[in-house]
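Tertiary structure, described
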Amino acid sequence: MSRTMVMFALLIAGILAACGGSSNTGGTGGADGSMDAGGGTTDTGGGITDALYSSPEMESLLPTNVDGMAFTISSFDYSKIPLDQAAMSFGDASLEGWLGQTGKNWSDVRWASGSTDLNGEKTATVTVMRVIGADSAAILDWWGGSSFNMGDGATTANLGGKTVQKVAYPGLPTVFYQWVKGDTLYWVVAGPESFGDAVVSATK
């Protein structure tokens, strides 16, 4: 459950460290990938804030509250930073090679993630990645070889009008979901299963 949040926290921290600042949306990212309560946007003197890098369009795809559970949301628009700083900060090195093979670059990438309090009885992390103009099949091909993929054992489910791939591993309290819509890839890690289904249904 924590791996996606850790990856995203490292992504944000890496870029902001390279640019000379730090940021948060609704909280600050801890070194372990957790989100600290507090709220507001942080500027450490380098002039770097969430507002400079965020993608409101991507954030609009995420649920803000499901079954009374609020989501803390962060986003990133890679077209707003120097391209040489993007690759070193993303959570999976395979994306840069894939971008080149498909005629894309980092300026085409948008990212957003929303997470509930991961210490609660109902938890979820929703991650959305868009590569502008990319082919759905090509995105899924990258996903299959990335460090984020769900592994084997997926079944197909229809949730909120979306056909999604869903994996529930015996003995684990969390369920994994993945689907693609046009040039946008979605993945969700949530538990229990009924809450995960509701989160996926609420994601646009």
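Model, not experiment: these values are computed from the prediction.

Before going further, it helps to spend a moment on the overall build of the protein. For the protein, the count of helices and strands is seven helices and eleven strands. Within the protein, buried positions represent 48% of all 204 residues. Across the protein, the fraction of contacts at a sequence separation of at least 24, relative to all contacts at a separation of at least 6, is 59%.

To continue, consider unusual backbone geometry. A cis amide bond, omega -5°, links Gly191 with the succeeding residue Pro192. Structurally, Pro192 can be placed in the loop between β11 (184-191) and α7 (193-202). Even without being a glycine, Asp67 presents a positive backbone phi close to 50°.

Inspection of the entire model under this criterion finds five salt bridges. With a shortest N-O distance of 2.7 Å, Glu193 and Lys166 are connected by a salt bridge. Taken together, the residues Glu193 in helix α7 and Lys166 in strand β9 (residues 162-168) connect sequence positions 27 residues apart. Taking the relative accessible area as the measure of exposure, Lys166 reaches 10% and is therefore buried. Each of Glu57, Arg130 and Asp183 takes part in one network of salt bridges that share partners.

So, on to the pairing of strand β10 (residues 175-181). For β10, the tally of buried residues reaches five of seven residues, placing the bulk of the element in the interior. Pairing of β9 with β10 involves four bridges; the strand directions are antiparallel. Residue Ala168 lies in a different strand from β10, and its bridge partner there is Val175. In this structure, the hairpin formed by β9 and β10 is closed by a connection of six residues, where Gly171 is found at a positive phi of approximately 90°. With seven bridges joining them, β10 and β11 adopt antiparallel strand pairing. Paired with Gln178 across the two strands is Trp187, which belongs to β11. Here β10 folds back onto β11, and the loop between the two strands holds two residues, one of which, Gly182, carries a positive phi near 65°.

This paragraph deals with the environment of Leu99. Relative to the elements of secondary structure, Leu99 occurs in helix α5 (residues 94-101). Judged by its relative accessible area of 1%, Leu99 falls in the buried class. Each C-alpha atom of the pair Leu99 and Ala134 lies 9.2 Å from the other, and the pair is 35 residues apart in sequence. With near-sequence residues (within four places) excluded, Leu99 lies in contact with Lys104, Asn105, Trp106, Val109 and Val131.

In terms of nonpolar packing, the biggest core is built from 26 residues, with Tyr78, Phe90, Trp98, Met129 and Trp142 touching the most fellow members. Elements with a contribution of two residues or more to this core: α5, β6 (109-115), β7 (123-131), α6 (136-145) and β11. When residues of this core are assigned to their parent elements, the largest contribution, four residues, is made by α6. Beyond its immediate stretch of four places on either side in the chain, Trp98 contacts Val131, Ala134, Ala138, Ile139 and Trp142. Core analysis: the next-biggest nonpolar cluster, separate from the first, contains 23 residues, Ala112, Val164, Tyr186 and Val188 among them.

Definitions and limits used
Residues numbered from 1 in each chain as written. Predicted model: local features only at pLDDT ≥ 70, side-chain atom pairs only at ≥ 80, totals over all residues. Heavy atoms only, no water. Helix = DSSP H or I, 4+ residues; strand = E, 2+ residues; numbered from the N terminus. Buried < 20%, exposed > 50% of the residue type's maximum accessible area, 1.4 Å probe, protein only. Contact = heavy atoms within 4.5 Å. Salt bridge = Lys/Arg side-chain N within 4 Å of Asp/Glu carboxyl O. Pairing = 2+ DSSP bridges. Core = buried A, V, L, I, M, F, W, Y, C linked by side-chain atoms within 4.5 Å.

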